Amino acid sequence: MSDVNGNGKFLVGIYDDDDVVLSAVKEVKGAGVRIQEVYSPFPIHGLDVALGHPRSRLGIAAFLFGLSGTLTALALTYYTEGFDWPMIVGGKDSYSPVIYVPIIFELTVLFCALGMVGTFLISNGMGPTVKPLMYDLRTTDNKFAMAIDLSKNNIGEGDIEQILRKSGAAEVNIKQF
């Protein structure tokens, strides 16, 4: 039995070409096999759709982080110039948000950037003490790996291995975590 972190027994198909692995995902899913993940040394256009991943909601998070930065900057500049230390120069208003556009922009970008880094680390379960699961070291260089969790499939190990080889896998390995 495997858990959320990927602990368990996996069948790993190694592919040599990105087009082959993209067509193999469709073929393997069409055969009724549940794919845990596909690992690639570079992004493959259309792979997320082929795997059935939902559309990312990171844009919403980025907007909310940016909005919180903007509101923080507006509140900070309004408090410091309007209440804490008002400076009336030439009879003008003590607070004019137009002159604080660079500060507002910079805090918006800062909050958005730091928030997105934190969101990325949390959503991917990453941190300084987390050891990554490596299905095959060559996936960081020039190979593509399709990991299939054997405990989440009703198809036998031998049948899945035949499906992977038929789909173009150069080799099929068993990986135990």
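Scoring rules and cut-offs
- Residues numbered from 1 in each chain as written.
- Predicted model: local features only at pLDDT ≥ 70, side-chain atom pairs only at ≥ 80, totals over all residues.
- Heavy atoms only, no water.
- Salt bridge = Lys/Arg side-chain N within 4 Å of Asp/Glu carboxyl O.
- Helix = DSSP H or I, 4+ residues; strand = E, 2+ residues; numbered from the N terminus.
- UniProt positions renumbered as here; feature names shortened; annotations may be inferred.
- Pairing = 2+ DSSP bridges.
- Axes fitted to C-alpha atoms, helices over the stretch in contact; angles between N-to-C directions.

A. Geometry of the pattern of salt bridges. Applying the stated rule across the entire model yields 5 salt bridges. As a salt-bridge pair, Arg165 and Glu161 come within 3.4 Å of each other at their nearest N and O atoms. Here Arg165 pairs with Glu161, and both are found in helix α5 (residues 157–166), just 4 residues apart, close to one helical turn. Sharing partners across several salt bridges, the network here consists of Asp136, Arg138 and Glu171.

B. Representation of the environment of Asp48 within the structure. Note that Asp48 resides in helix α2 (residues 47–51). The sequence separation of Asp48 and Leu22 amounts to 26 residues, and the corresponding C-alpha distance is 9.8 Å.

C. Focus on the UniProt feature "transmembrane region" (unreviewed entry) in the protein chain. UniProt feature "transmembrane region" (unreviewed entry): in the numbering of this structure it lies at residues 58–79 and 99–122. As annotated, residues 58–79 has a helix share of 100% and a strand share of 0%, and its two end C-alpha atoms lie 31 Å apart. End C-alpha atoms of residues 99–122 are separated by 36 Å, and the span's content is 92% helix alongside 0% strand.

D. Here's a closer look at the sheet that holds strand β2 (residues 37–39). With respect to topology, 4 strands assemble into an open sheet ordered β2-β3-β1-β4, the strand pairing being antiparallel. Edge positions in the open sheet fall to β2 and β4 (171–176), since each of these has one partner strand only. Averaged over all pairs of adjacent strands, the angle between their axes in this sheet comes to 25°, without regard to strand direction. Relative to β4, strand β1 (residues 9–15) is paired through 6 bridges, and the arrangement is antiparallel. The residue bridging Phe10 from the neighbouring strand is Lys175, located in β4.

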